[in-house]
Amino acid sequence: MARFPGQLVSLSIFTLIIICVYATAGPVCRAAQPTALPEKSEFFPVYDLIKPNVTFWTNIFTKYTRGQALVHDMGNLSRIYEELKLNPAKSQEAALANKAIKKKAIEKYRAILLALSKGKIPETPLEKKVVALFPNKTEPVAFKLAANRLRVQTGLKEHFMEGVIRSGALIDEFKMIFRSYDLPEDLVYLPCLESAYDVQIYSKYGAAGLWQFTSYTGKLFMDINYVVDQRRDPIVSTHGAARLLKRNYEKLQNWPMAITAYNHGLYGMSRAKNKHKTYPSIYTEYSSRSFKFASRNFYPEFIAARQVAKNYVKYYGNITLDKPGQQTRYKVKNFLAARDLVRTLPVDLETLQVMNPALRKPVFDGRKYIPPGQILYLPKHISSDLLDKTLSPLYRTAQRATPFHRVVRGDTAGGIADAYKVPLKDLISLNSLGKKAIIHVDQTLKIPFKEKSQPQRTAVVPKPDALTQLKTKPYSEKQPNQIPLPPNQSKLPRLPQNLEVVTSDLELKTVHDEKGRKYAIFHATPEETITNYANWLGIDAGEIRKLNKMSSTQCVSAGHEVTIPLPASGAADFEEKRFEFQQEIIEDFFAAYFIAGTQTYTVAPEDTSWEICRKKLDIPFWLLQKYNPDIRINLSVAKGRILLYPLAEPRAKHPDGSKDLS
């Protein structure tokens, strides 16, 4: 699962961002010896060797607020160098100031530890304090190793308590769900760790919902597409989490390992078990590129979260938990427009959206219909009998298509609106083009729908050359403002101001073989997989792999040329699904984050695209590629190259949730 407990010098996990960190930490200290395995009746044993970590996380959840942070050793959580004072405000200014405070603290203690590793005699009170945190006669190399294990953890008291309060509305039903799968009901405390029971939470790397499923893992257990994201349905996603955890346990036969696999992955934990046999041995000895601080601490964090959430009165006093809401659950029998539903039933669109977080934005702005089989959550006063009688005349026979247009040279926003016979203001609003309606070549625009009694199945997308002769409108195409070039870089890509709505170039080139069969050739974009292509075409992935001479373990990389077979009907359906996939990624990301500015990064000799994104810039690769279109994932980037990258900040809200602070 994509969930990580902190960042080296930045915000912690329970802010609106869930940040992915792969910190540099070797196997933890060997001083604590593995204890004997517990009785089978104890599902979640607290081994002696993890007790210091459990204490650390318990304190983070209950004693330290967001105005405090601890500078600590990743390999020994009982080694606390300093408690920092932070700005507790939920604002961009506070976040940037706190980031600087943390960075300065890391640099200070790193300098001291490196000096001690070179044999420096401690002289200052601070140097003596640092030495006192280590055993007598510590070898110099130990200080050097400790310098690479420095980390800052922000306090989570308020955020964890808010999650406990939110859990009251759902936890009893969750316990019933886990019992129905014959699983320990205390697994319901995992969302306290993953999301603080926030249904709407979304990470930079695409994990969503209470259980923080990635799209890849989530699709194994629920529907995730441009219309519905059941990761955000608390009930459906909990069934998915139960099935995933049950699978982990059946494979690993051990709950500490099964829970760690929720973070690290079943394959990784299976490999660790084959090598080290027991959880204590895995905890102390196992190391891999991905099994670092987050994965090693996941089970101790769960133990701490479970302990705090079960005994919340002890830690937080007599707080009042949310109560389960009264609602009607109804399975939709065919395609249904949200606006038809609210025009007919005693419910408004805002209430419908709040009660149904799994339905995505296109459903509520009219671009898509609620699909058949989807469970609707409605106010209790709307009975199932009323729904049976009322909804039948409203059902549609097919889903609405997604029309889109790829901008070519000579296009204008006004000309495109005329060509599709849609209001210019709707085109501007839907694509967030701004007052000047600036567009650029290769931008992919969503086309507003015109109300019709029945949907058209196939999107009408005029050929680019049909628009090149359109008349120029008052909103003429202009070059976007050029981003200032960094030093020593003669050329960087021009970028649109409205980056959040720009979809990658999705152009397909249709070709035929000697037998007349149709194929499409295109360049893969970030996040796409061979499985995606197979699903969009309704064929086996092996057929695409064979056509592209790829092994079963090879992954398609951004920029690689891919060939796919096309059905007799052509490429329209495939293009539509591909466009929706890209829009899903972009819309989800920019619903949670905004671009606060840009900076540059100079590529180091050891860097790869993946390491740059995850370890150093903390942004997804697809976003980095927007600013540097020619870089490709899984490939080394030229040493010394200067990359332009965006600063993605969470869309912080006022305490009442009324508006963005950005």
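All values reported here derive from a predicted model rather than from experimental measurement.

Here we take up the confidence of the model for the chain. Summary statistics for the chain give a mean pLDDT of 82 and a share of 83% for residues scoring 70 or more. Overall, residues 452-502 carries pLDDT values under 50, and its contacts beyond four positions in sequence, including any with other chains, amount to 118 contacts.

Moving on to the packing of helix α21 (residues 530-537) against helix α23 (residues 572-592). Axis separation between α21 and α23 bottoms out at 9 Å; the angle between their running directions is 135°. Overall, the two elements α21 and α23 adopt an arrangement that is oblique. Crossing hand, α21 versus α23: right-handed. Contact with α21, carried on its side by N532, Y533, W536 and L537, involves D573, F574, K577, R578 and F581 of α23 and no other residues of that element. Of the residues assigned to the contact of α21 with α23, the class counts are five nonpolar, one polar and three charged.

Adjacent strands of a sheet form backbone hydrogen bonds with each other and so pair up, either parallel or antiparallel. Judged by pairing direction, the sheet is antiparallel, and its three strands sit side by side in the order β8-β9-β10 without closing on themselves. The open sheet has two edge strands with one neighbour each: β8 (509-512) and β10 (561-565). Neighbour to neighbour, the strand axes of the sheet diverge by 30° on average, direction disregarded. Here β8 pairs with strand β9 (residues 518-523) via four bridges, running antiparallel. Note that in β9 the partner of V511 across the bridge is Y519.

This next bit is on unusual backbone geometry. Here the phi dihedral of Y197 falls at roughly 55°; this positive angle occurs in a residue that is not glycine. Checked against the element boundaries, Y197 lands in the loop between α7 (190-194) and α8 (215-218). You will see that K277, though not glycine, has its phi angle at about 75°, which is positive. Residue position: K277 is located in the loop between α11 (266-276) and α12 (279-285).

Under the definition given, this model contains 27 salt bridges. The residue D588 makes a salt bridge to R360 at a minimum N-O spacing of 2.6 Å. In this pair, D588 is assigned in helix α23 and R360 in the loop between α16 (349-355) and α17 (361-364), connecting sequence segments 228 residues apart. Assigned by exposure class, D588 and R360 land together as buried. For D573, the salt bridge identified is with K577, shortest N-O distance 2.6 Å. Here K577 and D573 lie together in helix α23, a separation of four residues that amounts to about one turn. Residue classification places D573 among the partly exposed positions, given a relative accessible area of 31%. Through salt bridges that share partners, D229, R231, R232, R360, D365, R367, K446, E587 and D588 make up one connected network.

Analysis parameters
- Residues numbered from 1 in each chain as written.
- Predicted model: local features only at pLDDT ≥ 70, side-chain atom pairs only at ≥ 80, totals over all residues.
- Heavy atoms only, no water.
- pLDDT = per-residue confidence, 0-100.
- Contact = heavy atoms within 4.5 Å.
- Axes fitted to C-alpha atoms, helices over the stretch in contact; angles between N-to-C directions.
- Helix = DSSP H or I, 4+ residues; strand = E, 2+ residues; numbered from the N terminus.
- Parallel < 35°, antiparallel > 145°, perpendicular 65-115°, else oblique.
- Left-handed = near helix turned anticlockwise from the far one by under 90°.
- Nonpolar A, V, L, I, M, F, W, Y, C, P; charged D, E, K, R; others polar.
- Pairing = 2+ DSSP bridges.
- Salt bridge = Lys/Arg side-chain N within 4 Å of Asp/Glu carboxyl O.
- Buried < 20%, exposed > 50% of the residue type's maximum accessible area, 1.4 Å probe, protein only.

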